[in-house]
Amino acid sequence: MSTGLIIALIVIVAVVVAVAAVLTLRARGPRHGASLKRRFGPEYERAVARHDGDTRAAERELSERVERHGSLQVRPLEPAERERYEARWTAAQERFVDAPREAVAEADRLIAELAGTRGFPAGGQYEEQVAALSVHHAHHVEGYRRVHRVAQTHPDGAHDGAAGTEDMREAMVEARALFEELVRPSRHDGGRRGAAGERTAAPATRRDGHRTPSLLHRRQAKES
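Here the structure is a predicted model, which means the values were calculated and not measured.

Concerning the pattern of salt bridges
Pairing between side chains of opposite charge can happen when their charged atoms approach one another.
Here is step 1 of the chain: According to the stated counting rule, one finds 19 salt bridges in the structure shown.
Here is step 2 of the chain: Lys37 is paired through a salt bridge with Glu45; the nearest N and O atoms lie 3.7 Å apart.
Here is step 3 of the chain: One salt bridge connects Arg46 with Glu43, and the closest N-O pair in it is separated by 3.3 Å. Remark: Glu43 and Arg46 occur in helix H2 (residues 42–50); sequence separation between them is three residues, near one turn of the helix.

See the structure below:
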């Protein structure tokens, strides 16, 4: 067999392999993207927006998050730990009435600490912690981002503009959903009990069927 024929055969084989790889990727692509979209929900759309509509780049980022954090084992909380975290969240909500900025900062610290206790990257690694939380709590992680952004602002607007009371209230309410997810007992550690935040921040139902305002909404009423 001549050298030219050998080279021609090598080229043909390489082309066939390349075409097969492209066809495989095209066949897998939509299914893979749909799987990521189901898993990440709103986090998928945020990733696409961050990549200026480039779905492939967004899916690569999300796939990398799953590879890094998908096998993370979440540690259950001891009952005493859960009670301490719930009490601290309740205290932060009560503090919001008179000191909203300090309350939001405490909520930010509390979620970071709670996530670390449950086995996510420590709070000092904020970006990595958020990435890990997005894999396991994709529908609520944006609340943590929001309360963290608000907590980093300053009254004089020195960092990304000053946050108003309503911004802080909304951030606190949105972040509460992730707190409840993290503090909630799983079916493997004793069943479910409502978090303290649920009792104080969410409107309660009185015996007469009317809703009573939460502490954060009372703040709004107090100022009006």
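Having put the structure on the table, let's press on.
Structural notes on the side chain of Arg145
Here is step 1 of the chain: Within the secondary structure, Arg145 sits in helix H7 (residues 141–152).
Here is step 2 of the chain: For Arg145, a relative accessible area of 12% puts it in the buried group.
Here is step 3 of the chain: Residues in contact with Arg145, not counting those within four places in the same chain, are Glu43, Arg46, Arg65, Tyr126 and Val130.

Some remarks on H7
Here is step 1 of the chain: With twelve residues, H7 should cover 16 Å at 1.5 Å per step; its first-to-last C-alpha distance of 17 Å lies within 8% of that length.
Here is step 2 of the chain: In this fold, the buried residues of H7 make contact with H2, helix H3 (55–69), helix H5 (100–117), helix H6 (126–136) and helix H8 (165–183).

What to know about the confidence of the model for the protein
Here is step 1 of the chain: Considering every residue of the protein, the mean pLDDT works out to 78; 67% of them sit at 70 or more.
Here is step 2 of the chain: Counting contacts from residues 22–29, a segment whose pLDDT is below 50, to residues more than four positions away or on other chains yields zero contacts.
Here is step 3 of the chain: In the model, residues 190–215 has pLDDT below 50 throughout and makes 50 contacts with residues more than four positions away in sequence or in other chains.

Examining the nonpolar core
Here is step 1 of the chain: Ile111, Leu133, Tyr144, Phe179 and Leu182 are the most contacted members of the largest nonpolar core, which has 31 residues in total.
Here is step 2 of the chain: Looking at this core, the elements with two or more residues in it are helix H4 (79–96), H5, H6, H7 and H8.
Here is step 3 of the chain: Every residue in contact with Ile111, bar those within four places of it in the chain, is listed here: Trp89, Tyr144, Ala175, Leu178, Phe179 and Leu182.
Here is step 4 of the chain: In this structure, Ala47, Ala58, Val135 and Ala138 belong to the second largest nonpolar core, which totals nine residues.

Some points on the packing of H5 against H8
Here is step 1 of the chain: The contact between H5 and H8 brings their axes to 10 Å, and the two run at 25°. The orientation of H5 relative to H8 falls into the category roughly parallel. Crossing hand, H5 versus H8: left-handed. The segment H5 lies against H8, with Pro100, Arg101, Ala103, Val104, Ala107, Leu110, Ile111, Leu114 and Ala115 engaging Met168, Met172, Ala175, Leu178, Phe179, Leu182 and Val183.
Here is step 2 of the chain: Tallied by class, the residues present in the contact of H5 with H8 amount to 15 nonpolar, no polar and one charged.

Points about the packing of aromatic side chains
Here is step 1 of the chain: Applying the stated criterion across every chain, the model contains two aromatic pairs.
Here is step 2 of the chain: Centre to centre, the rings of Trp89 and Phe179 are 4.5 Å apart; their planes meet at 15°, and the pair counts as stacked. Linking Trp89 in helix H4 with Phe179 in helix H8, this pair joins segments that are 90 residues apart in sequence.
Here is step 3 of the chain: The exposure class assigned to Trp89 is buried, which follows from its relative accessible area of 0%.
Here is step 4 of the chain: The interplanar angle of 75° and the centroid separation of 5.5 Å between the aromatic rings of Tyr126 and Tyr144 together place this pair among those described as edge-to-face. In this pair, Tyr126 is assigned in helix H6 and Tyr144 in helix H7, connecting sequence segments 18 residues apart.

Conventions adopted
- Numbering of residues begins from 1 in every chain and follows the order in which that chain's sequence is written.
- It should be noted that, the model being predicted, local features are given only for residues of pLDDT at least 70 and side-chain atom pairs only at 80 or more, the latter also being counted only at that level, while totals for whole chains, interfaces and linings use all residues.
- Excluding hydrogens and water, the side-chain values take into account all heavy atoms of the structure.
- What makes a salt bridge here is a side-chain nitrogen of Lys or Arg within 4 Å of a carboxyl oxygen of Asp or Glu, nothing more.
- Runs of E in the DSSP output that reach at least two residues are strands. Runs of H or I that reach at least four are helices, and both are numbered from the N terminus.
- The buried label goes to any residue with under 20% of its type's maximum accessible area, the exposed label to any with over 50%, and the partly exposed label to all in between, with areas taken from a 1.4 Å probe on protein chains only.
- A contact between two residues is defined here by any heavy atoms of the two lying within 4.5 Å.
- The span expected for a helix works out to 1.5 Å for each residue beyond the first.
- How sure the predictor is of each residue is captured by pLDDT, a score from 0 to 100.
- Here, nonpolar core means buried Ala, Val, Leu, Ile, Met, Phe, Trp, Tyr and Cys residues that are tied together by side-chain atoms lying within 4.5 Å of each other.
- Orientation is described by axes fitted as lines to C-alpha atoms, over the contacting stretch for helices, and by angles from 0 to 180 degrees between their N-to-C directions.
- Here roughly perpendicular refers to angles of 65 to 115 degrees, roughly parallel to angles under 35, roughly antiparallel to angles over 145, and oblique to all remaining angles.
- Each crossing gets its handedness from the near helix: less than a right angle anticlockwise from the far helix is left-handed, clockwise is right-handed.
- Under the scheme applied, nonpolar residues are Ala, Val, Leu, Ile, Met, Phe, Trp, Tyr, Cys and Pro; charged residues are Asp, Glu, Lys and Arg; polar residues are all the others, including Gly.
- Two rings belonging to Phe, Tyr or Trp (six-membered ring only in the last case) form a pair when the distance between their centres is within 6.5 Å. Interplanar angles under 30 degrees mark stacking, angles over 60 mark edge-to-face geometry, and anything in between is tilted.

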